[in-house]
Amino acid sequence: MHDCTDPFCPPASATCDARLRPIDSDCQKNDKDGKCDSLGTCDICAGVDCASTNECKEDSSCNATTGTCNPFDDKPANTPCDSDASVCDGSGNCVECTIASQCPDDANQCTASACDAGQCGQNNLPDRSTCSFNGGAGECQGGVCVEAPDCTDNGDCDDLNVC
């Protein structure tokens, strides 16, 4: 007999029927506790909460055979995290960034925003990159803007004099 039905044998009848037990009555299926539903089946997922506690994982659903939550899928990369200004990395983690454009600019004209392993940082621009030094010509050296030299080697001079 099904766990969510009770035998019902009307008096003066030669046959017995099954009568549904009340909704939310306790029952068991596959050795798991559950609750009877309106169709007379034992729902072992009743009361199982498959909401993810990880903000970079999707909520799951209950497996009706095992009464446990199915695996939690990762949210797509760049899905905003709820707790701060970070984003999901596509592997179930909240990180500071997945691409450089999510990182703040440090206002240094000789560095560029960078994202490395989910962390924001700054990378130096190549030495001799142009920058503005006190309103004049400058060049980057080790991530710092310095005054550009008049020439750096004989090939840079216009007057063919040795620098």
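An account of the accompanying structure is given in this report. Here the structure is a predicted model, which means the values were calculated and not measured. (Residues numbered from 1 in each chain as written. Predicted model: local features only at pLDDT ≥ 70, side-chain atom pairs only at ≥ 80, totals over all residues. Heavy atoms only, no water.)

### A look at the state of the cysteines
Then, number 1: According to the stated counting rule, one finds eleven disulfides in the structure shown.
Then, number 2: Put simply, C9 and C16 are joined by a disulfide, and their sulfur atoms are 1.7 Å apart. The sign of the 110° torsion about the S-S bond sets the C9-C16 disulfide as right-handed.
Then, number 3: Owing to a relative accessible area of 42%, C9 belongs among the partly exposed residues under this scheme.
Then, number 4: Shown here is the disulfide that connects C110 with C140, its sulfur atoms set 2.1 Å apart. Between C110 and C140, the disulfide has an S-S torsion of -85° and is therefore left-handed. (Disulfide = S-S within 2.5 Å. Buried < 20%, exposed > 50% of the residue type's maximum accessible area, 1.4 Å probe, protein only.)

### Regarding the sheet that holds strand 3 (residues 26–29)
Then, number 1: Here three strands make up an open sheet; going across it, the order is 3-4-5 and the pairing antiparallel. Unpaired on one side and paired on the other, strand 3 and strand 5 (42–43) mark the two borders of the sheet.
Then, number 2: In terms of strand pairing, strand 3 meets strand 4 (residues 32–36) through four bridges, oriented antiparallel. Directly across from Q28, in strand 4, lies its bridge partner D33. (Pairing = 2+ DSSP bridges. Helix = DSSP H or I, 4+ residues; strand = E, 2+ residues; numbered from the N terminus.)

### Regarding the nonpolar core
Then, number 1: C4, C27, C36, C42 and I44 form the largest nonpolar core, which has five residues in total.
Then, number 2: The contacts of C36, once residues within four sequence positions are left out, are D3, C4, R21, P22, I23, D24, S25, D26, C27 and T41. (Core = buried A, V, L, I, M, F, W, Y, C linked by side-chain atoms within 4.5 Å. Contact = heavy atoms within 4.5 Å.)

### Quick notes on the sheet that holds strand 10 (residues 130–133)
Then, number 1: Here we have three strands laid out as an open sheet, ordered 10-11-12, and antiparallel in their pairing. Edge positions in the sheet fall to strand 10 and strand 12 (144–147), since each of these pairs with one other strand and no more. The sheet shows a mean angle of 50° between the axes of neighbouring strands, taken without regard to direction.
Then, number 2: Note: strand 10 against strand 11 (residues 136–141), four bridges, orientation antiparallel. Each residue of the ladder has a partner; that of S132, found in strand 11, is A137. (Axes fitted to C-alpha atoms, helices over the stretch in contact; angles between N-to-C directions.)

### A short note on the packing of aromatic side chains
Then, number 1: Tallied over the full model, the rule gives zero aromatic pairs.
Then, number 2: The side chain of R19 reaches across the aromatic face of F8, ending 3.5 Å from its centre. (Phe/Tyr/Trp six-rings, centres within 6.5 Å; stacked < 30°, edge-to-face > 60°. Lys NZ or Arg CZ within 6 Å of the ring centre and 35° of its normal.)

### Observations concerning the environment of T41
Then, number 1: In this fold, T41 is placed in the loop between strand 4 and strand 5.
Then, number 2: The class of T41 is partly exposed, set by a relative accessible area of 35%.
Then, number 3: Considering only alpha carbons, one finds T41 and E55, 14 residues apart in sequence, at a separation of 33 Å.
Then, number 4: Among the polar contacts made by the side chain of T41, one reaches the side chain of D37 at a distance of 2.6 Å. (Polar contact = N/O pair within 3.5 Å; in protein donor to acceptor, adjacent residues only side chain to side chain.)

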